Amino acid sequence: GTDEFSINVISELITNDIKIDLIITVPDAPKGRGLVLTPPPIKDFSSDKGIEIIQPEKLDDDCFEKLSSESWDLFIVASYGKIIPERFLKIPKSGVLNVHPSLLPKYRGTSPIESQIMSGDKNIGVTIMQMDKEMDHGPILAERKVEYKEYFSEELYKMLSTLGGKIISEILPDYISGKLTGVEQNHDLATF
C-alpha cells in the first residue's frame, strides 16, 4: 500500500490482532513547489508501528528474489498504485488478496471511488478479492454495500478503507483454513 487508504486497512488489521511483517510501498517522490523528496504516507505509519518497509523502484528480479527467499502466508494489497507481476502473486502460500473500493465487477481500475461519485451510483461498497494476473479480475471473497448518501471523496475513501480492513480481518481465518473460496466475477458486467 501507499496512501491513507492502505493505512486505514492496515490499522484495522492491527486492531484485530493480525500481524503485519512487511510493508511494500513506492519510493519517496518529489512533492510540492519545491519538489521536496517526500515519503508516501504509509512509510511514516510503518515506522511508528515498527513494521519493516521496503520501497522498490520496480517489482523486478531483485525484489522478487528478496520476497521469494522468505516464507509468506499471505500478501494483502490496498492502494499500492503499481501493477503486480503474476510471478509475485505466486509467492505467498495463500495467495494475494486485494481490498478494492467498489462492488466488483463495476469500477475496476485505479479510480473507483471517484468514478462512483461521478456516476452517482447508489450501489457503493467494498470488495475483497483474490488477485490474478488481470486488473481487479479475480474471484470475489466478500463484498459489503454501504448506505448511500452524497459523499465527498475523502469521506467515502475513509469509510471504504476502514470497512475493507474490517472485512478482511473477519474473513482471514476462514480463507487461510480453506473454508472460504472465491466466486468468479461476471466479467460481462465489468466497467473501468
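Structure: see above.
A quick note: this is a predicted structure, and the numbers were derived from the prediction, not measured.

Thresholds, definitions, all that
- Residues numbered from 1 in each chain as written.
- Predicted model: local features only at pLDDT ≥ 70, side-chain atom pairs only at ≥ 80, totals over all residues.
- Heavy atoms only, no water.
- Helix = DSSP H or I, 4+ residues; strand = E, 2+ residues; numbered from the N terminus.
- Rg over C-alpha atoms; globule rule 2.2 N^0.38 Å.
- Buried < 20%, exposed > 50% of the residue type's maximum accessible area, 1.4 Å probe, protein only.
- Contact = heavy atoms within 4.5 Å.
- Lys, Arg positive; Asp, Glu negative; His and termini not counted.
- Charge placed at Lys NZ, Arg CZ, Asp CG, Glu CD.
- Pairing = 2+ DSSP bridges.
- Axes fitted to C-alpha atoms, helices over the stretch in contact; angles between N-to-C directions.
- Parallel < 35°, antiparallel > 145°, perpendicular 65-115°, else oblique.
- Left-handed = near helix turned anticlockwise from the far one by under 90°.

Draft legend 1. Region of the structure containing the overall build of the chain. Counting its secondary structure elements, the chain contains six helices and eight strands. On C-alpha atoms alone, the chain measures out to a radius of gyration of 16 Å, which is about the 16 Å that the 2.2 N^0.38 rule sets for 192 residues. Overall, the chain is about 50 × 40 × 30 Å in size when its C-alpha atoms are taken along their principal axes. In the chain, which comprises 192 residues, the share counted as buried stands at 44%. When contacts within the chain are restricted to residue pairs at least 6 apart in sequence, those whose partners lie at least 24 apart make up 64%. Positive and negative side-chain charges of the chain, numbering 21 and 31 respectively, have mean locations separated by a distance of 1 Å.

Draft legend 2. Up close: the sheet that holds strand E6 (residues 96-100). Ordered by their spatial adjacency, four strands build an open sheet running E5-E6-E7-E8, and the pairing between neighbours is mixed. Strand pairing shows two members of the sheet lacking a second neighbour, strand E5 (75-77) and strand E8 (140-145), which therefore form its edges. Between one strand axis and the next, the sheet turns through 15° on average, direction left out of account. Note that E5 and E6 share three bridges and pair parallel. Counted as the bridge partner of isoleucine 76 is leucine 97 from E6.

Draft legend 3. Focus on the pairing of strand E7 (residues 125-130). When you tally the buried positions in E7, you get five out of six residues, the bulk of the element. Direction of pairing for E7 relative to E8: antiparallel, over a ladder of five bridges. Along E8, the bridge assignment pairs glycine 125 with lysine 145.

Draft legend 4. Region of interest: the packing of helix H1 (residues 4-15) against helix H2 (residues 41-49). Relative orientation of the contacting elements H1 and H2 amounts to 25°, with a least axis distance of 8 Å. What the angle tells us is that H1 and H2 run roughly parallel. The handedness of the crossing between H1 and H2 comes out as right-handed. In contact with Glu4, Ser6, Ile7, Ile10, Ser11 and Ile14 of H1, H2 contributes Pro41, Ile42, Phe45 and Lys49.

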